[in-house]
Amino acid sequence: MPLSSHVLHSTPLDARSLLNMGVTEDFRRTFFRTTAKDNVMFILLWHVLHLILRVIYLAQEVLHAIQSYLITNGFVTTYQDLNLERVRYLAIVIDSDEARQISEVIQLLEWLSAIGVKKVCLYDREGVLKRSQGVIMERFSSAYLSNEDSKIDPILSKTQLKIEFEFVSISDGKEAVAKAANVLYNKYYLDGDTEKPFFTEADLSEALENLEPDPDLLLIYGPARCHLGFPAWRIRYTEIVHMGQLKHKKYGLILKAIHKYTKVKQNYGS
Amino acid sequence: MEEERSENMMSKLLVRLNSTARHLLFRVVSTGPIPQHIAFILDGNRRFAKKWNLTEGGGHKAGFLALMSVLKYCYEIGVKYVTVYAFSLDNFNRRPDEVQYVMDLMQEKIEGFLKELTLVNKYGVRVLFVGDIERLYTPVRVAAEKAMEATAHNTTTYLLVCVAYTSSHEIPRAIYESCEEKSGVTRVTMNGNGYGNGDDHEVGIKVVDLEKHMYFRVAPDPDILVRSSGETRLSNFLVWQTVNCVLYSPKALWPEMGLWQVVWGILKFQKNYKYLEKKKKQA
């Protein structure tokens with residue numbers, strides 16, 4: 001809702017206005033005047049509110065399904081021409097429980113490979129994907145790619161390119177930074193009175209010993225829009241998109257997310 | 001005259017109705033879990049100014065009005081900690097006149113705030129300026145330190161204003177301080193026993209040690225991170241602290257943010273509450 005001009009030209013709000021709005025007084029009035037019967041009514045209303053929310057989300061799911069169908073089957077051509085050069089490194093966060101459905105994960109990766117994504121970083125908190133590394137790598141080794149697949153899944157009829165993987169879990173997050181802290185400690189603090197610099201971004205990047213670049217785009221497959229502990233240092237400027245649950249993944253929506261990303265212009269604060 | 005009086009009465013009545021409706025809405029929403037800590041990235045002031053043909057300064061001023069409203073709604077509904085990303089270290093790269101404008105605006109608002117200390121302390125708001133405060137222009141820094149000192153004993157609600165902050169700065173700094181602390185401990189042990197305690201080197205710096213030295217040790221991790229203007233990145237803000245945090249990106253530009261975005265954000269949090277609590281317990 002735009003602010004009308006008369007509000008902008010009136011006396012600017014300051015601390016007095018905020019406090020004169022009677023913050024704590026309102027709080028007291030709102031919460032301490034109700035009876036037990038009122039409470040039951042409010043609980044009911046809360047459930048109604050969340051029911052309405054669920055209906056809205058359901059409607060959104062249906063719209064997404066229709067949109068994805070239109071995109072996948074070529075009725076909407078806006079997303080066909082992707083500027084994939086901009087997506088040098090794609091990261092996927094999957095909820096650990098959903099990641100146990102390895103067939104779903106593999107199908108997702110097949111779609112990404114069909115789109116033309118070359119480097120993917122796979123993260124799940126508990127390391128389920130790390131443990132399934134063997135299965136996934138085997139599926140994508142060049143020996144396995146055959147014509148059989150394109151008959152089953154029309155999306156795979158496009159040429160499948162080789163795809164590079166990195167597997168990450170929670171131990172590569174905060175724990176890795178703690179390890180890097182020890183590396184820096186051992187480097188600068190153990191030999192008596194050498195000069196101890198004030199650590200910079202560059203020092204930490206070096207100590208983390210991670211050779212992979214920061215992801216450009218992060219897709220989250222899970223119930224919540226939450227990165228669930230993906231290594232913090234690597235997502236400082238990463239675009240984050242919530243794709244819904246893995247079992248409801250849609251090819252068209254991946255195209256849409258990548259396309260939207262390629263249109264984003266970052267100022268990096270300036 | 002009669003007309004004016006009845007018009008005044010009408011507007012007063014509407015304000016009252018509006019206020020009551022809002023209280024009822026908050027009462028319903030707070031039947032469910034309310035987040036302890038909400039963080040806001042104040043993005044879109046300049047775009048707002050362009051959209052409405054204002055000067056850039058006008059955009060920031062409109063942003064400040066929106067901030068006051070949003071804070072009021074958060075505290076009313078029962079949120080204890082509110083964090084705002086007011087000024088990033090990256091923002092120092094902007095044009096010098098814009099940086100000067102924002103610094104002047106911050107100084108003006110903090111000094112205005114200091115004039116109302118009795119009221120502030122009555123409502124128990126503790127203000128904390130989080131970030132590399134030394135980088136702020138001197139008058140702003142002085143005002144900020146005064147504000148922090150004056151509200152230091154308040155414990156009802158907390159307002160964390162991030163200035164000269166980035167996670168890129170916070171994390172290496174926490175490492176540096178952890179190293180300094182550890183080397184101080186090792187030196188003391190060595191003096192006491194004559195030789196170093198071998199265990200010290202094996203134990204090493206742990207995640208809890210780093211978190212003890214983070215700027216955000218003063219508050220629990222945020223439950224919701226709201227970034228206005230529909231942008232979906234963290235931009236170097238709270239990357240360490242958002243492990244179990246709901247990320248919400250309403251399309252509204254910051255000066256357009258208000259009641260509905262706050263309520264929607266909280267409803268999203270409530271929808272994911274059980275799931276995220278489960279994730280926190282598993283950690």
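Residues numbered from 1 in each chain as written. Chains lettered and ligands numbered in written order. Predicted model: local features only at pLDDT ≥ 70, side-chain atom pairs only at ≥ 80, totals over all residues. Heavy atoms only, no water.

Labelled according to an unreviewed UniProt entry, chain B appears under the name Alkyl transferase, originating from Tagetes erecta. Recorded in UniProt for chain B, the comment headed Sequence similarities (unreviewed entry) runs: "Belongs to the UPP synthase family." (UniProt positions renumbered as here; feature names shortened; annotations may be inferred.)

Per UniProt, chain A carries the Cofactor (unreviewed entry) text "Mg(2+)". The annotation that UniProt attaches to chain A under Pathway (unreviewed entry) is "Protein modification; protein glycosylation."

With that out of the way, let us pick up the sheet that holds strand E1 (residues 90-94) of chain A. Pairing between the strands of a sheet comes from backbone hydrogen bonds, and it takes one of two forms, parallel or antiparallel. Residues and elements named next belong to chain A. Read from one edge to the other, the open sheet built from five strands follows the order E3-E2-E1-E4-E5, with strand pairing classed as parallel. A strand with exactly one partner marks an edge of an open sheet, and here the two such strands are strand E3 (164-168) and strand E5 (239-244). Across the sheet, the mean angle from the axis of one strand to that of its neighbour is 20°, orientation sign disregarded. Direction of pairing for strand E4 (residues 217-221) relative to E5: parallel, over a ladder of five bridges. Bridging across to E5, leucine 218 finds its partner in isoleucine 240. Sheet strands in contact with helix H6 (residues 102-115) are E1, strand E2 (119-123), E3 and E4, and its direction is about 160° off that of E1. (Pairing = 2+ DSSP bridges. Helix = DSSP H or I, 4+ residues; strand = E, 2+ residues; numbered from the N terminus. Axes fitted to C-alpha atoms, helices over the stretch in contact; angles between N-to-C directions. Contact = heavy atoms within 4.5 Å.)

Our focus in this paragraph is the state of the cysteines. Each disulfide consists of a covalent bond between the sulfur atoms of two cysteine residues. Within this structure, the stated rule accounts for zero disulfides over all chains. Cysteine A:Cys226 is unpaired, with the sulfur of B:Cys245 as its nearest cysteine sulfur at 6.8 Å. For B:Cys74, which is in no disulfide, the shortest distance to another cysteine sulfur is to B:Cys245 and amounts to 13 Å. (Disulfide = S-S within 2.5 Å.)

With that settled, the discussion passes to the domain arrangement of chain A. All names here are of chain A. Domains assigned within chain A are domain 1 (13-76) and domain 2 (82-262). Tallying the contact residues gives seven residues for domain 1 and eight residues for domain 2. Summed over both sides, the interface between domain 1 and domain 2 buries roughly 600 Å², with carbon and sulfur atoms accounting for 66% of that surface. For the domain 1 face of the interface with domain 2, the top three residues by lost area are Ser68, Ile71 and Thr72, together amounting to 55%. Counting across the interface, domain 1 meets domain 2 through one salt bridge. Here lysine 250 makes a salt bridge to glutamate 61, at a shortest N to O gap of 3.6 Å. For the pair domain 1 and domain 2, the number of links is three residue pairs in polar contact (both at pLDDT 80 or more). For the side of domain 1 that touches domain 2, the class distribution of residues is two nonpolar, four polar and one charged. (Domains from an automatic or database assignment. Buried area = accessible area lost by both parts, 1.4 Å probe. Salt bridge = Lys/Arg side-chain N within 4 Å of Asp/Glu carboxyl O. Polar contact = N/O pair within 3.5 Å; in protein donor to acceptor, adjacent residues only side chain to side chain. Nonpolar A, V, L, I, M, F, W, Y, C, P; charged D, E, K, R; others polar.)

This brings us to the packing of aromatic side chains. Under the defined criterion, the tally for this structure stands at 21 aromatic pairs over all chains. When the ring of A:Phe140 is compared with that of A:Phe165, the centres are 5.3 Å apart and the planes differ by 70°; the resulting orientation is edge-to-face. One end of the pair, A:Phe140, is in helix H8 (residues 133-140); the other, A:Phe165, is in strand E3, and 25 residues separate them in sequence. The class of A:Phe140 is buried, set by a relative accessible area of 5%. Ring geometry for B:Tyr165 versus B:Phe216: centroids 5.7 Å apart, planes at 85°, classification edge-to-face. Of this pair, B:Tyr165 sits in strand E4 (residues 157-165) while B:Phe216 sits in the loop between helix H9 (207-212) and strand E5 (224-227), and the two are 51 residues apart along the sequence. The pair B:Tyr165 / B:Phe216 is uniform in exposure class, with both members buried. Through successive ring pairs, a cluster of aromatic residues spans A:Tyr185, A:Tyr188, A:Tyr189, A:Phe198, A:Phe199 and B:Tyr176. Taking NZ or CZ as reference, A:Lys249 lies 5.3 Å from the ring centre of A:Trp111, over its face. (Phe/Tyr/Trp six-rings, centres within 6.5 Å; stacked < 30°, edge-to-face > 60°. Buried < 20%, exposed > 50% of the residue type's maximum accessible area, 1.4 Å probe, protein only. Lys NZ or Arg CZ within 6 Å of the ring centre and 35° of its normal.)

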